[in-house]
Amino acid sequence: MRAVQISQLDGPAAARVVDLEEPADDGAVVIDVHAAGVAFPDVLQSRGLYQYKPELPFVPGGEAAGVVRSAPPGAHVRAGDRVAALTMLNGAMAQVIALPAEQVFKLPDTVSFEAGAGLLFNDLTVLFALTTRGKLSAGATVLVHGAAGGIGTSTLRLAGPLGASRVIAVVSSPAKAEVAMAAGATDTVPADGFREAVAELTGGKGVDLVLDPVGGDRFTDSLRSLAPGGKLLVVGFTGGEIPMVKVNRLLLNNIDVVGVGWGAWVMSHPGELERQWSALEPMLASGAVAAPQPQVFALEQAADALAALEDRTAAGKVVLRMRD
Ligand SMILES: NC(=O)c1ccc[n+]([C@@H]2O[C@H](COP(=O)([O-])OP(=O)(O)OC[C@H]3O[C@@H](n4cnc5c(N)ncnc54)[C@H](OP(=O)(O)O)[C@@H]3O)[C@@H](O)[C@H]2O)c1
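- As recorded in an unreviewed UniProt entry, the protein chain goes by the name NADPH:quinone oxidoreductase, listed as coming from Mycolicibacter kumamotonensis.

The following block contains the structure:
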């Protein structure tokens, strides 16, 4: 089979497409992969900068979609089913993968393989962030940073159907503002000067939730953009720097900073992945939540796909087409 492989930690350019042995089934669900998701943790892993450091050489990728080739007796999926699957940390950018059944989910017929490869990781994180951690209430206003990225576009697709009345997208360019509006933003504001723009849009009130996958030097202005009682959901640090909080700000305006560690949560809560998928799947199947509209790269362009995330040129969720 063909697979993406990283054998030195030189960043996206080190990703090569190679021939590897197919995995043995060993009682797992074997999937013929049609598309694989590309996410920021894959970029960090390619430089050895992620908290999880796979041994070299490794196949990157946390999620994929395709068709079940074989499944063990009693599994909830069987040969021929269209599925999305989570490898979680790495291994998904291969034409064949083998996984425990609980990491495999039947795709609604309306969701393409490319959309399916780009939804589990981010949508389940965002669902967990907005509901379990953020306690999103009906009519709430939400601000999301990095809004044209993977986590960002998931937030734009999910927040409205989960009850938000307004979802403000923070973006770094007009092209990304278009991506954000297409994904469901009600308003877009530029990253530079977002605090003033948000104050104007909300009549000085601020927003109820900030979902922040960027961190860095925007953090204090994000806290200042919260309405009293609001929450900032800490999701990631694509901006590079891990911000510090002066806790007097929390006291002065009765606001919260809330950590969102989806992977740690699902790994320590058996059955949680299935519960989250049971909440998301009907919304996807009915069309209440739109499927992602990913930017698709060919398998041979794996290095370019990873680089698009690192150099901030990606337009929406990035996905690799793994076979024709
Ligand atoms: N906590 C969790 O459980 C969890 C789960 C999944 C992912 N994450 C994290 O969420 C973050 C986002 O992941 P993603 O896959 O959505 O990434 P992505 O698709 O690359 O999107 C990230 C966005 O961040 C913005 N950004 C700002 N400064 C940047 C910089 N210096 N370099 C790159 N991007 C920058 C970009 O938007 P602009 O150019 O418009 O600013 C970009 O669209 C990552 O840190 C990831 O590790 C966390």
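1. Considerations on unusual backbone geometry
And then number 1: A cis geometry characterises the amide bond from Leu 56 onward to Pro 57, with omega recorded as -15°.
And then number 2: Despite not being glycine, Lys 135 shows a phi value in the positive range, around 50°.
And then number 3: Here Lys 135 lies in the loop between α3 (120-133) and β8 (141-144).
And then number 4: Owing to a relative accessible area of 56%, Lys 135 belongs among the exposed residues under this scheme.

2. Side note on the packing of α3 against helix α10 (residues 272-286)
Relative orientation and spacing of two packed helices are given, respectively, by the angle between their axes and the distance between those axes.
And then number 1: Close contact between α3 and α10 brings their axes to 10 Å; oriented N to C, the two are set at 100°. By the criterion of interaxial angle, the relationship of α3 to α10 is roughly perpendicular. Judged by residue contacts, Leu 120, Asp 123, Leu 124, Leu 127, Phe 128 and Thr 132 of α3 engage Leu 273, Arg 275, Gln 276, Trp 277, Ala 279, Leu 280 and Met 283 from α10.
And then number 2: Of the residues belonging to the contact of α3 with α10, the class tally is nine nonpolar, two polar and two charged.

3. Comments concerning the site of the ligand
And then number 1: Of all residues adjacent to the ligand, which total 25 residues, the nearest are Gly 150, Ile 151, Ser 172, Lys 176 and Val 260.
And then number 2: Residue Val 235 places a main-chain N or O atom 2.9 Å away from a nitrogen atom belonging to the ligand.
And then number 3: Contact distances for the ligand include 3.3 Å between an oxygen atom and a backbone N or O atom of Phe 237.
And then number 4: When the free accessible area of the ligand is taken as 920 Å², the share hidden by the protein chains comes to 89%.
And then number 5: Mapped onto the shell around the ligand, the elements with two or more residues apiece are α1 (40-46), α3 and α4 (150-159).
And then number 6: Shared between two domains, the shell around the ligand takes at least three residues from each, and those domains are domain 1 (2-118 + 292-321) and domain 2 (122-263).

The rules we used
- Residues numbered from 1 in each chain as written.
- Predicted model: local features only at pLDDT ≥ 70, side-chain atom pairs only at ≥ 80, totals over all residues.
- Heavy atoms only, no water.
- Helix = DSSP H or I, 4+ residues; strand = E, 2+ residues; numbered from the N terminus.
- Buried < 20%, exposed > 50% of the residue type's maximum accessible area, 1.4 Å probe, protein only.
- Axes fitted to C-alpha atoms, helices over the stretch in contact; angles between N-to-C directions.
- Parallel < 35°, antiparallel > 145°, perpendicular 65-115°, else oblique.
- Contact = heavy atoms within 4.5 Å.
- Nonpolar A, V, L, I, M, F, W, Y, C, P; charged D, E, K, R; others polar.
- Near = heavy atom within 4 Å.
- Polar contact = N/O pair within 3.5 Å; in protein donor to acceptor, adjacent residues only side chain to side chain.
- Areas by Shrake-Rupley, 256 points an atom, 1.4 Å probe, with all protein chains shown as cover.
- Domains from an automatic or database assignment.

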